[in-house]
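Structural overview for review
Below, each chain spelled out in residue letters.
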Amino acid sequence: MIAETARIHPRAQVGKGCQIGEYVVIHENVVIGDCSTIQDHCVLGVKGPRTSAPLVLGRGAIIRSHSVLYEHSSIGPNLETGHHIVIRERSTIGENLRIGNFSDVEGDCVIGDFTRFHGYVHIGKGSKIGNFVWVFSFSNAANDPLPPSDLAVPVTLGDGSVVCLGSILMPGCELGIGAFVTAGSRPSGHVPAGAVVSGAPGRILFHVSRLMDMETGLRHPWMAHFRLVYPDHAQPRLDALLAKIMESSHDYKAIQKGRNRN
Amino acid sequence: MEKTEFLRNLEDLIEANPGSLTEKSVLADAAGWNSMAVMGFIAFADEDLGIAPAPKAIMACRTVADLMALAGI
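Residues numbered from 1 in each chain as written. Chains lettered and ligands numbered in written order. Predicted model: local features only at pLDDT ≥ 70, side-chain atom pairs only at ≥ 80, totals over all residues.

1. Some points on the overall build of chain A
Secondary structure assignment for chain A yields 2 helices and 30 strands. Across its three principal axes, chain A shows a C-alpha extent of roughly 60 × 45 × 25 Å. For chain A, buried positions account for 48% of its 262 residues. Within chain A, counting contacts between residues at least 6 apart in sequence, those at least 24 apart form 29% of the total. (Helix = DSSP H or I, 4+ residues; strand = E, 2+ residues; numbered from the N terminus. Buried ≥ 20, exposed ≤ 12 C-beta atoms within 10 Å, placed from the backbone. Contact = placed C-beta atoms within 7 Å.)

2. Structural notes on the interface of chain B and chain A
Contacts between the two partners involve 8 residues from chain B, matched on the other side by 8 residues from chain A. Broken down by secondary-structure element, the contributors of at least two residues to the side of chain B that touches chain A are helix H2 (35-49) and helix H3 (55-59) of chain B. For the side of chain B that touches chain A, the element with the most residues is H2(B), which contributes 6 residues. Residue composition of the side of chain B that touches chain A, by class: 6 nonpolar, 2 polar and no charged. (Nonpolar A, V, L, I, M, F, W, Y, C, P; charged D, E, K, R; others polar.)

3. Details of the sheet that holds strand S28 (residues 190-191) of chain A
Two strands in a sheet stick together by hydrogen bonds in their backbones, pointing the same way (parallel) or opposite ways (antiparallel). Residue and element names in this part refer to chain A. Taken together, the 10 strands give an open sheet; going across it, the order is S2-S5-S8-S11-S14-S17-S20-S23-S26-S28, and neighbouring strands pair in parallel fashion. Edge positions in the open sheet fall to strand S2 (13-14) and S28, since each of these has one partner strand only. Bridge count for strand S17 (residues 110-111) against strand S20 (residues 128-129) is 2 bridges, and the pairing is parallel. Looking at the pairing, Val 110 lines up with Lys 128 of S20. (Pairing = 2+ DSSP bridges.)

4. Describing the sheet that holds strand S25 (residues 168-169) of chain A
Residue and element names in this part refer to chain A. In spatial order, the strands read S1-S4-S7-S10-S13-S16-S19-S22-S25; together these 9 strands make up an open sheet with parallel pairing. At either margin of the open sheet sits one strand with a lone partner, and together these are strand S1 (7-8) and S25. Looking at chain direction, strand S22 (residues 140-141) and S25 are connected through 2 bridges and run parallel. Residue pairing for S25: Ala 141 is matched across the bridge by Leu 169.

5. Brief notes about the pairing of strand S30 (residues 203-207) of chain A
Regular strands show a simple pattern: their side chains alternate between the two faces of the sheet. All names here are of chain A. Across the 5 residues that make up S30, a large majority, 5, are buried. The pairing of strand S29 (residues 195-198) with S30 spans 3 bridges and is antiparallel. Across the sheet, the residue bridging to Ser 198 is Arg 203, located in S30. Linking two consecutive strands that pair antiparallel, namely S29 and S30, is a turn of 4 residues; a positive phi of about 95° is found at Gly 199 within it.

6. As for the nonpolar core
If you look at the biggest cluster of nonpolar residues, it comprises 83 residues, and the most contacted ones within it are A:Leu169, A:Ala179, A:Val196 and A:Val197. Looking at which element gives the most residues to this core, the answer is H2(B), with 5 residues. Every residue in contact with A:Ala179, bar those within four places of it in the chain, is listed here: A:Gly158, A:Ser161, A:Val191, A:Ala193, A:Gly194, A:Ala195 and A:Val197. (Core = buried A, V, L, I, M, F, W, Y, C linked by C-beta atoms within 7 Å.)

7. Some points on H2(B)
Counted at 1.5 Å a residue, the expected span for H2(B) with its 15 residues is 21 Å, and the 20 Å between its end C-alpha atoms agrees. Those residues of H2(B) that sit buried are B:Met36, B:Ala37, B:Met39, B:Gly40, B:Phe41 and B:Phe44. Check the buried side of H2(B) and you find it contacts S29 and S30 of chain A together with helix H1 (3-13) and H3 of chain B. (Expected span 1.5 Å × (residues − 1).)

8. Some points on the environment of A:Ser185
Residue and element names in this part refer to chain A. Within the fold, Ser 185 resides in the loop between strand S27 (180-181) and S28. On the basis of neighbour counts, which here come to 23 C-beta atoms within 10 Å, the residue Ser 185 falls in the buried class. Spatially, the C-alpha atom of Ser 185 lies 12 Å from that of Leu 205, the residues being 20 residues apart in sequence. With near-sequence residues (within four places) excluded, Ser 185 lies in contact with Ser 167, Val 197, Ser 198, Gly 199, Ala 200 and Gly 202.

9. Observations concerning the pairing of S29(A)
Residues and elements named next belong to chain A. What you see with S29 is no split at all: Ala 195 and Val 197 on one side and Val 196 and Ser 198 on the other are buried throughout. In this structure, S27 lies alongside S29, joined through 2 bridges in parallel fashion. Each residue of the ladder has a partner; that of Phe 180, found in S29, is Val 196.

10. Describing the environment of A:Ser74
Residue and element names in this part refer to chain A. Position of Ser 74 among the secondary structure elements: in strand S11 (residues 73-75). With 66 residues separating them along the chain, Ser 74 and Asn 140 place their C-alpha atoms 23 Å apart. Apart from the residues within four sequence positions on either side, Ser 74 is in contact with Val 56, Thr 92 and Ile 93.

Shown next as structure tokens:
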């Protein structure tokens, strides 16, 4: 069903069974997969600098109202957005990204499968984000080491890493697989696989398997106890990731002492 | 582990100034004594002291001396 007020360019490709809301604008260079829902006031396929390729949305996308997606990006199936999100050009995004209200992904990003950004998350240009990553609200992946400048030093977030509320990933920060950033932290540089980093500047504390809920004794890594939110075909990948994180072991004290802090 | 070394490790763990903690120091008065520090203390106890104190036993400690007693120092 396509709302009467929606404006769809004749050369845009809209798949079967899509629902297009009121006042949606779909520009020329857009391919929308079947069974997608584009809610009111969204704009898809905006031109950006050096864009030419289409915006390709996999099937089953749910794009909530007032969101803006630029052309020249490829997004896998089952994208789900909140309201007022922005995804800029030349990004490659895997299956089932979920991105919360008012978040934005700047251009040239690579994002894996099943990654989750909560609301008000900013992902800087050129960020490389793995599979099963969680970034919680008001976190910021910076990329300019000397703002304002054209120096782009984007962050890298390994598979299964977690960035808690209100953290700032400094330019060039590399989180290893399964790394965990506690709320309000400011990590920089290389954070080893499975490490918990906390504070501003970020301080490496211990292996993520030490993280626990004091009342229940529930422990990290999270994929040992929080995996039913993912479909069946993701489960073997979670098993493999969990095993890798548990194998990762480092002398965190030595790493901490040898680190430069920003 | 000697008491002095224990204190230096604890200061490092909670990011307190070196030499600022004594056995009489009240944990609740230390800004860095929080849930992350408790987990850090568990890691320290396991890796450096070879013991596994229960989180609730750690949280029940009022002073540094209580922590030392728990750790068998």
